[in-house]
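# Fold and contact review
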Amino acid sequence: MRVSHQIAEILRDSGFARVFGVPGREASAIDFLLDGDAGVDPAGAPAPGDGAGRLPDGSAGLPFVLTRHEYTAAGMAIGASRATGEAQACWVTLGPGVTHIMSGCATAMLDRNPVLILGAQIETGAIRHNEAHQCLDNVALMRPITKYAAEVHDPADVPRVLAEAIAATRTGRPGPAFVSLPIDVLESEAVAALTAPVVPAPPAPSWGAAEVSHWADALRSARTPLIVAGDGVVKTGLAPQLAAFARKFEIPVAATYTAHGVVPVDSELYGGVISSYADVLFEMKYLDAMFADTDLILLAGYDSMEHYPNTWRGRGGTKRVLALSEWEQDDSAFGAESSLVGAPALFLDQLAEALGDHRRPVTHMPVPGGSLVPEDGSGPLRGPEILSALSKAFGRFRLAADIGMNRHLSGVHFTPGAAGDYITSPGLSGFGIGLPLGMGAALADPSTPVVVLAGDGGFHSNSGDLETAARLGLKLVVIVADSTGNGLIQRYQALGKDVSRRADLTASNPVDFVKLAEANGVPAVRAESFDALLDALTASAATPGPLLVHAPVSYGDLFINAYEKKAPAAASTPAPAPASTSAPAPAPAPAHAGAEPVALAS
């Protein structure tokens, strides 16, 4: 058995269902991934069409999902992991294959996703970093953005190194691991026995009876406690238990984008969505409404990569902060008086027992939710109307959001059926990630409809993999919210003091995304109004594979004076009065037109 076949067995036995990637010169050494339906069973007959090559014993290897770009391969792996909770694997070629997937690897690192990346390397005898053709120091490149990085030069080390890498993706805080494999090692005969898959042990709890008692006392003494749910409650499956805890003690729950849905939007315990853009999107001091009267914050699965500076600091009085997580992290920015790690489900059970029949003493006043403005069937489209049309057209679905203004609109206006239905990159937040995330989720879990929402900037930075979606026959809807420019960057310009608003920094030429989609084998329609968009989405059920909807959209109603630094008016010029919030208008006028601008995150 060759080492390459041994790798396939290790991956298969460790629970990996497929491999995403782009092969190169090493293709002959990984034929078990690339043979597709051309495999042959031991009797010499054609193998079943399972999309996987065959191992020497006739058993199936792993299906290989070929993408147009390595970033897409990593993004699909992340999307599949978010949809299933399982680790995923990628394969890339040497040189540019490794460098191209680095952004995807960094996404997995900062977003806490278990992804194993295998990369080819030039033959061991020819390795001269930065000298030989396509020869880079793979490990040095990947070490800062992985939990584990190694290169194998001895075939005998392959089982051990792979076992360590796989364990790293799943142990403690999830993340990526990388193994560099020289071509001659892949072609060598396997000389070491397979290593049994490592079953990671959960972190030992950092708490005991004293901490349970301390938290119970803190909650009893609080008048207006608030639970803040983060991405960790989705990854660990804690969301249902956290919701039950909140209901029992009548504590409202706020959530980050990816944890949105722990409690329903229409629940009396809905505490809103944490977003640095919430104030401008709702045209009110949304974060103040969420935190000003809160005296205790219980952070559950709240990750440091989700935290915006001053999310609750400076809003109302002093707040006690308690933090509970499955894994260790640097949570110094939270200002927590107690930070507990490990067995969060068990801790909530014991905390509930200690609290007994306690209830939140002050009735919670829900923060706003839902659509910013009523739909206008005649157009032009406004951002929130896209979310309203989706809610009308579908039941439960997953929304994979790219990065940009569309992400913040959808983050606060999406109505999830369950925590985890909103998929985005909360940590690295790189342009072009939306399509791969949605494709991976649709491939790994076709039982739940998937919608990709992307702006024209983010989508077109990675639009080539529409062909991959068509080739795979993925059932998903891709909405391109086209503002013909980078709307989020335009907002940053508006916030700057004495900054030139040069259009060449944000504007781009119009693109016919319908023709682009059709050229890649994807049916497409253009929807310029709410009614047209709703019709297109409703009809999408009859489309067997992917469908693209080109939706020209305007974000003009978000560029309000409250968030725009203006030069001081001359003494003789009266300050403009705020517009009435009750008068009919395409979008509500700001209720706090004199407010200071806030720092916004991507």
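Heads up: these notes are all about the structure in this document. Since the model is a prediction, treat every value here as computed from it, not as a measurement. (Residues numbered from 1 in each chain as written. Predicted model: local features only at pLDDT ≥ 70, side-chain atom pairs only at ≥ 80, totals over all residues. Heavy atoms only, no water.)

This part takes up helix H8 (residues 209-221). Owing to its 3.6 residues per turn, the α-helix brings residues three or four apart onto one side. The first and last C-alpha atoms of H8 sit 18 Å apart over 13 residues, in line with the 18 Å expected at 1.5 Å per residue. Those residues of H8 that are buried lie in contact with strand S8 (225-229), helix H10 (239-249), strand S11 (296-300), strand S12 (320-325), strand S13 (338-341) and helix H13 (344-355). (Helix = DSSP H or I, 4+ residues; strand = E, 2+ residues; numbered from the N terminus. Expected span 1.5 Å × (residues − 1). Contact = heavy atoms within 4.5 Å.)

This part is about the packing of helix H3 (residues 70-84) against helix H16 (residues 434-444). Where H3 meets H16, the axes come as close as 6 Å, and the angle between the chain directions of the two elements is 50°. Put simply, H3 runs oblique to H16. Both H3 and H16 take part in a crossing whose hand is right-handed. Of the residues in H16, those in contact with Thr72, Gly75, Met76, Ile78, Gly79, Ala80, Ala83 and Thr84 of H3 are Pro436, Leu437, Met439, Gly440, Ala441, Leu443 and Ala444. Split by residue class, the contact of H3 with H16 holds 10 nonpolar, five polar and no charged. (Axes fitted to C-alpha atoms, helices over the stretch in contact; angles between N-to-C directions. Parallel < 35°, antiparallel > 145°, perpendicular 65-115°, else oblique. Left-handed = near helix turned anticlockwise from the far one by under 90°. Nonpolar A, V, L, I, M, F, W, Y, C, P; charged D, E, K, R; others polar.)

With that settled, consider the environment of Ala539. On the secondary structure map, Ala539 appears in helix H21 (residues 530-539). Overall, the relative accessible area of 45% leaves Ala539 in the partly exposed class. Put simply, Ala539 and Ala393 are 146 residues apart on the chain and 8.9 Å apart in space, counted from C-alpha to C-alpha. (Buried < 20%, exposed > 50% of the residue type's maximum accessible area, 1.4 Å probe, protein only.)

Let us now look at the packing of H3 against helix H4 (residues 96-111). Between two packed helices, what matters for the description is the angle formed by their axes and the separation of those axes. Two elements in contact, H3 and H4, have axes whose closest approach is 7 Å; the angle formed by their N-to-C orientations is 25°. Looking at the two axes, H3 sits roughly parallel to H4. The hand of the H3/H4 crossing is right-handed. In this structure, H3 uses Glu70, Tyr71, Ala74, Ile78 and Arg82 to contact H4, whose residues at the interface are Gly97, His100, Ile101, Ser103, Gly104, Cys105, Thr107, Ala108 and Asp111. Here the residues of the contact of H3 with H4 sort into six nonpolar, five polar and three charged.

Moving on to the sheet that holds strand S10 (residues 270-273). Strand order in this open sheet of six strands is S10-S9-S8-S11-S12-S13, and the pairing throughout is parallel. Looking at strand neighbours, the two that pair on one side only are S10 and S13, the edges of this open sheet. Across the sheet, the mean angle from the axis of one strand to that of its neighbour is 20°, orientation sign disregarded. Both strand S9 (residues 253-255) and S10 contribute to a ladder of two bridges, which runs parallel. Each residue of the ladder has a partner; that of Val253, found in S10, is Tyr270. Contacting S8, S11, S12 and S13, H8 crosses the sheet at an angle of about 135° to S12. (Pairing = 2+ DSSP bridges.)

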